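Remarks on the overall topology
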Amino acid sequence: LEVTLSTYPELTRAYWLLGKSYASSGNQNRAIEVFKKALELDPKYKEVHFQLHELYARMGNKTESLQHLQTFERLTQEAQNRDREIFQKTQDKR
């Protein structure tokens with residue numbers, strides 16, 4: 001993934017996967033750095049917010065954990081609302 005990112009630094013999903021890899025191997029600080037890079041590229045990447053929520057919770061940082069959980073929940077709700085609107089528009093055309 002690091003090689004891929006050196007060639008394609010805009011691949012937000014690769015940062016997410018790399019962060020998950022660092023987190024699962026116990027390298028929490030590096031995981032946070034990588035997750036933050038993903039959010040620089042896409043602040044609405046809800047899965048990254050969820051990963052940061054879990055990571056900060058495990059580290060005992062309740063404030064950061066809660067902030068990322070709330071952002072994740074808000075982004076999830078926004079996505080559900082968009083999906084509902086799209087579905088409604090397709091139903092209205094029938």
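In what follows, the structure referred to is the one given above.
The structure displayed is predicted, hence computed values, not measured ones.

1. Focus: the side chain of histidine 68
Structurally, histidine 68 can be placed in helix α5 (residues 62-92). Side-chain polar atoms of histidine 68 contact the side chain of histidine 49, separated by 3.0 Å. Excluding anything up to four places from it in sequence, histidine 68 contacts Leu39, His49, Leu52, His53 and Tyr56.

2. Topic: helix α3 (residues 28-41)
An ideal rise of 1.5 Å per residue puts 20 Å on 14 residues; α3 measures up with 20 Å between its terminal C-alpha atoms. Residues of α3 that are buried: Ala31, Ile32, Val34, Phe35, Ala38 and Leu39. In this structure, the buried side of α3 is in contact with α2 (12-24), α4 (46-59) and α5.

Cut-offs and rules
Sequence order sets the numbering: in each chain, residues are counted from 1 along the sequence as written. The predicted origin of the model limits local features to residues at a pLDDT of at least 70 and limits the giving and counting of side-chain atom pairs to 80 or more, whereas totals for whole chains, interfaces and linings rest on all residues. Where side-chain values are given, they derive from all heavy atoms of the structure, hydrogens and water being excluded. What counts as a helix is a DSSP run of H or I of at least four residues, what counts as a strand is a run of E of at least two, and both are numbered from the N terminus. Pairing of N or O atoms within 3.5 Å defines a polar contact, subject to two protein rules: one partner must be a possible hydrogen donor and the other a possible acceptor, and residues neighboring in sequence count only if both atoms are side-chain atoms. In this analysis, two residues are considered to be in contact whenever any of their non-hydrogen atoms come within 4.5 Å of each other. Any helix carries an expected span of 1.5 Å times its number of residues minus one. Note on classification: 1.4 Å probe, protein chains only; a residue is buried when its accessible area is under 20% of the maximum for its type, exposed when over 50%, partly exposed between these limits.

Treat this as a map of the structure, not an account of what it does.
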